[in-house]
Amino acid sequence: MSIEWVNQAIDDLRAWGRTRDVEVDADEVRLLCDYASDYLNVNELRDFTPETFDELLLSIYPRKVIAPPESAPETVAAARTLVDYLSEAGQVSAETAAAMRSRLDDIEPRMPEALADPANFGMAKSLFSSIGPESLEQSIAIPSGELPDLGEAPCDCPACTPLPAVRLAEPEELRAALPAVPMLAEQPLTGDGDPLAAWARRVADLLDHDTGGAVTGSPELDEGLYDLFDMLYRLQTRVPVTVIGDYLDEIAGDRAIDLPAVLDRLEWTGLLRVTGDTAELTPVAVWALREHYLSVGVEAPEAPDLAEADALGLIEGLLEGVPTELAEADIDRWLAGRVPVEAAGELLAAASGAPAVARGIAITIVDRLGPEAEPAVRGYLEHQELRPHAIHWLAARKLSAPPLTQDELLWVSVDMLALAMPAAEADPEIFAENMAASGPPAHLIEEMWRVDHPDVVEVLELLGRSIPDGTVAKAARKAAFKARSRAIR
């Protein structure tokens, strides 16, 4: 995106509005311009066409923006204001402006449905929404990186699609699991030597060679298994079987598939484990896939045991993405190796100067500690970033603590929301419900733009998309615009 032309356009639009006594929702128009620039090759105002609004409001917004359906009229109204300005400023002809207004008349009743329909979501957004927040605490999610679309085959270049580090089961555990694989009971491994090596060769044959439908019952679906298992390897978490079904439907085209039967076949291979309405790779599948990647020269790192790391290593390892069960076990073992005051001191030192999500992970772990950690926590009352969290920790345990100043209250409000952003992206509906029930009041949001916090713009934009109350959401978007403008200057 070229921020220069967007900034100039917004400045000109606001000046135009003032001279005509027209209320301009500048932050909403900025969002339109930003997305048009990012995704539709709009490099100046005169590049807008009627079709641009079709793509923006019925395709880009539903795929990229987590916004409630009831926000659609406000967005369309901002688009109408933009069209009025484009026409009066001579950026588009009268005929084009008329076509744009007609197109917006058609879009307005359709946009709420487009925002609400999960079928319009990008696959990554669908996954985040379906999986739900799997985290140490419900308010802070441990990210696992940006999720690739299941519907798109990954680039063949290892440098372009690095694999995440994975945690492997112990070899003895893997060998003990192989006899329980149904496929191997019917088609035993052949050859002498290590059964794990023979298993890896069997999996490579299934994924790399033309099996003609022997795995799923469909040649087309068999051909898509490599990409499916590659994506599951990257996600490292359970996914809804409906997501797998959607992916298989895309491969099958017009042919209907029997998803339960296909899942049964994949379980028969020993590569997939279905539990209720979710599925994941089995430990032996993860091991075999990693062996295959290594055999073809792809870097496939193994995740270290985080319980043996220092505090910084623990936080960085969690940030790289660790399944919830493993994360919990690592943290429990990490804490078991230290007395509380030592653990708190190490974690808070590692959190100092760290990004909000890393700081949030450290604070979340410290929050598990009892009053025995007080000396270490109290030592951070003089630390600007950590002082508000230290005050909260002490007060929650009914230990003496100074009151928060107004500036500290604003800062910690932004910081806590910044910590919650991964969870908000993972489950926007739950986040919206939480904001409706206990979110910051409008008068506090209106002042947040003044906070010297690196994530203030992203936090305010998140609130603007998520808060059900239209008035409060608009206040958040306006505050985001002010914060963004201040940062630009």
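Residues numbered from 1 in each chain as written. Predicted model: local features only at pLDDT ≥ 70, side-chain atom pairs only at ≥ 80, totals over all residues. Heavy atoms only, no water.

Peer 1: Got a minute to help me understand the overall build of the protein chain in this structure?
Peer 2: Within the protein chain, the secondary structure is distributed over 27 helices and 3 strands. Classification of the 489 residues of the protein chain by burial places 50% in the buried group. The long-range fraction of contacts in the protein chain, counting pairs at least 24 apart against all pairs at least 6 apart in sequence, stands at 67%. A total of about 22800 Å² of accessible surface is found on the protein chain, and carbon and sulfur atoms cover 51% of it. (Helix = DSSP H or I, 4+ residues; strand = E, 2+ residues; numbered from the N terminus. Buried < 20%, exposed > 50% of the residue type's maximum accessible area, 1.4 Å probe, protein only. Contact = heavy atoms within 4.5 Å. Areas by Shrake-Rupley, 256 points an atom, 1.4 Å probe, with all protein chains shown as cover.)

Peer 1: Can you help me understand the pairing of strand E3 (residues 278–281) in this one?
Peer 2: Within a regular beta strand, the side chains point alternately toward one face of the sheet and then the other, so they alternate between its two faces. Alignment of strand E1 (residues 239–240) against E3, held across 2 bridges, turns out to be antiparallel. By the bridge assignment, Val 239 is partnered in E3 with Ala 279. In the sheet, strand E2 (residues 272–275) pairs with E3 via 4 bridges, with the strands oriented antiparallel. Note on E3: the bridge partner recorded for Val 274 is Ala 279. Linking two consecutive strands that pair antiparallel, namely E2 and E3, is a turn of 2 residues; a positive phi of about 65° is found at Gly 276 within it. (Pairing = 2+ DSSP bridges.)

Peer 1: I tried to follow a negative patch on the surface on my own but got confused; where do I start?
Peer 2: Together, Glu 170, Glu 172, Glu 173 and Glu 302 line one region of the surface with negative charge. Take Glu 173: it is sitting in helix H8 (residues 171–177). (Patch = residues over 30% accessible without salt bridge, like charges linked within 9 Å, V, L, I, M, F, W, Y side chains within 5 Å. Salt bridge = Lys/Arg side-chain N within 4 Å of Asp/Glu carboxyl O. Lys, Arg positive; Asp, Glu negative; His and termini not counted. Charge placed at Lys NZ, Arg CZ, Asp CG, Glu CD.)

Peer 1: Looking at this structure, I do not really get a positive patch on the surface. What am I missing?
Peer 2: Residues Arg 14, Arg 18, Lys 478 and Lys 482 make up a contiguous surface patch of positive charge. For the positive patch, the elements supplying multiple residues, two or more each, are helix H1 (3–20) and helix H27 (470–488).

Peer 1: So what exactly am I meant to see when it comes to helix H19 (residues 356–366) here?
Peer 2: Residues spaced three or four apart along an α-helix point in a common direction, a consequence of the helix completing one turn every 3.6 residues. Counted residue by residue, H19 has 11 buried out of 11 residues, so it is predominantly covered. All of the buried residues in H19 are Ala 356, Val 357, Ala 358, Arg 359, Gly 360, Ile 361, Ala 362, Ile 363, Thr 364, Ile 365 and Val 366.

Peer 1: Just to check I follow, could you spell out the sheet that holds E1 for this structure?
Peer 2: Taking strand neighbours across the sheet as the criterion, the 3 strands line up as E1-E3-E2 in an open arrangement whose pairing is antiparallel. The sheet is open, and its two edges are formed by E1 and E2, each paired on a single side.

Peer 1: Would you explain the nonpolar core in this entry?
Peer 2: As a rule of thumb, soluble globular proteins bury nonpolar side chains together. With 47 residues, the main nonpolar core has Trp 199, Phe 229 and Tyr 233 as its most contacted residues. Those elements that provide at least two residues to this core are helix H9 (182–186), helix H10 (195–208), helix H12 (225–235), helix H13 (241–252), helix H14 (259–269), E3 and helix H15 (283–295). For this core, the element with the most residues is H15, which contributes 7 residues. Not counting the four nearest positions on each side in its chain, Tyr 233 is found in contact with Leu 163, Pro 164, Val 166, Leu 281, Val 286, Leu 289, Arg 290, Tyr 293 and Ala 300. (Core = buried A, V, L, I, M, F, W, Y, C linked by side-chain atoms within 4.5 Å.)

Peer 1: Honestly, the confidence of the model for the protein chain in this entry has me stumped. Any pointers?
Peer 2: Note: predicted coordinates in regions of low pLDDT should not be interpreted at a detailed level. Confidence in the prediction for the protein chain averages 82 pLDDT; 87% of positions are at 70 or higher. Here helix H7 (residues 123–131) is the element of the protein chain with the lowest mean pLDDT, 31, and helix H20 (residues 374–378) is the one with the highest, 96. Counting interchain partners and residues more than four positions distant, the pLDDT-below-50 stretch residues 119–159 has 99 contacts. (pLDDT = per-residue confidence, 0-100.)

Peer 1: How do you make sense of the side chain of Asp 415 when you look at a structure like this?
Peer 2: By the element assignment, Asp 415 lies in helix H22 (residues 406–419). With a relative accessible area of 0%, Asp 415 lands in the buried category. Not counting residues up to four positions away in its chain, the partners in contact with Asp 415 are Ala 356, Arg 359, His 389 and His 453.

Peer 1: Looking at this model, I keep getting lost on the environment of Ala 344. Mind explaining?
Peer 2: If you trace the backbone, Ala 344 turns up in helix H18 (residues 340–351). Counting along the chain gives 33 residues from Ala 344 to Ala 311, while the straight-line C-alpha distance between them is 9.4 Å.

Peer 1: Is there a simple way to explain the packing of aromatic side chains in this structure?
Peer 2: Within a pair of aromatic rings, the relevant descriptors are the distance that separates the centres and the angle that separates the planes. If you walk through the whole model with that rule in mind, you get 3 aromatic pairs. Measuring from centroid to centroid gives 5.1 Å for Tyr 233 and Tyr 293, while their planes differ by 75°, and the two rings are edge-to-face. Within this pair, whereas Tyr 233 is found in helix H12, its partner Tyr 293 is found in helix H15, the two being separated by 60 residues in sequence. We classify Tyr 233 as buried; its relative accessible area is 1%. The ring of Trp 268 carries Arg 265 above its face, with NZ or CZ at 4.3 Å from the centroid. (Phe/Tyr/Trp six-rings, centres within 6.5 Å; stacked < 30°, edge-to-face > 60°. Lys NZ or Arg CZ within 6 Å of the ring centre and 35° of its normal.)

Peer 1: Sorry if this is basic, but what is going on with H15 here?
Peer 2: Between the first and last C-alpha of H15 there are 19 Å, a value that for 13 residues agrees with the 18 Å anticipated at 1.5 Å per step. Where H15 is concerned, the buried positions are Val 284, Ala 285, Val 286, Trp 287, Ala 288, Leu 289, Arg 290, His 292 and Tyr 293. Taken together, the buried residues of H15 touch H8, H10, H12 and E3. (Expected span 1.5 Å × (residues − 1).)

Peer 1: What exactly am I supposed to notice about the side chain of Arg 484 here?
Peer 2: Summarising the element assignment, Arg 484 is placed in helix H27. Arg 484 sits in the buried class, given a relative accessible area of 14%. One polar contact links Arg 484 to Glu 461, side chain to side chain, over a distance of 2.4 Å. (Polar contact = N/O pair within 3.5 Å; in protein donor to acceptor, adjacent residues only side chain to side chain.)

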